[in-house]
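What the coordinates show
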Amino acid sequence: MTKKQSEPIITHVEIYSRAIRNILDEIKVWEDRCKDLPQEQRDSMVSRSTAHLLPKLNALKEMYRMESGSEYN
């Protein structure tokens, strides 16, 4: 009797997509926290607070692209 190939519960593409969404949500939280600050101060605060996330976000988007064959949008 042949063993039936089961479909994976989660794929790499879904993992990358969820990780990207999580980082984008975290950046949005910082944008919301700083929304009442003057524009220049807001941009500076958000930039400093999320700088460590951008390399991770770019790496995940590249892994998503390599795995799926399309850009994350």
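Quick caveat: nothing in here was measured; it's all calculated off a predicted structure.

Our next topic: the environment of I10. You can see I10 is positioned in the segment before α1 (12-33). Take I10: its relative accessible area is 40%, and that puts it in the partly exposed class. Apart from residues no more than four positions distant in its own chain, I10 is found in contact with I15 and R18.

Looking now at the pattern of salt bridges. Counting across every chain of the model gives four salt bridges. For E14, the salt bridge identified is with R18, shortest N-O distance 2.9 Å. Highlighted residues: E14 and R18, both in helix α1, separated by four residues, approximately one helical turn. Looking at R18, the relative accessible area reads 53%, which means it is exposed. Residue K28 is joined to D32 by a salt bridge in which the shortest nitrogen-to-oxygen separation is 2.7 Å.

Taking 1.5 Å per residue, 12 residues should reach 16 Å; helix α2 (residues 39-50) reaches 16 Å between its end C-alpha atoms and fits that length. When α2 is considered as a whole, its buried residues turn out to be V46, S49 and T50. Projection of α2 onto a plane perpendicular to its axis shows the buried side chains occupying an angular sector of 85°, all on one side. Opposite its buried face, α2 presents the exposed residues E40 and R48, each directed more than 90 degrees away.

Attention shifts here to the environment of E71. Structurally, E71 is set in the segment after α3 (53-68). If we skip the residues at most four places from it in the chain, E71 touches Y64 and R65.

Counted under the stated rule, the structure contains one aromatic pair. Measuring from ring centre to ring centre gives 5.3 Å for Y64 and Y72, while their planes differ by 90°; the resulting arrangement is edge-to-face. Residues Y64 and Y72 agree in their burial class; the two are buried. The ring of W30 is capped by R33, whose NZ or CZ atom sits 4.5 Å from the centre of that ring.

Basis of the calculations
Residues numbered from 1 in each chain as written. Predicted model: local features only at pLDDT ≥ 70, side-chain atom pairs only at ≥ 80, totals over all residues. Heavy atoms only, no water. Helix = DSSP H or I, 4+ residues; strand = E, 2+ residues; numbered from the N terminus. Buried < 20%, exposed > 50% of the residue type's maximum accessible area, 1.4 Å probe, protein only. Contact = heavy atoms within 4.5 Å. Salt bridge = Lys/Arg side-chain N within 4 Å of Asp/Glu carboxyl O. Expected span 1.5 Å × (residues − 1). Arc of directions from axis to C-beta. Phe/Tyr/Trp six-rings, centres within 6.5 Å; stacked < 30°, edge-to-face > 60°. Lys NZ or Arg CZ within 6 Å of the ring centre and 35° of its normal.

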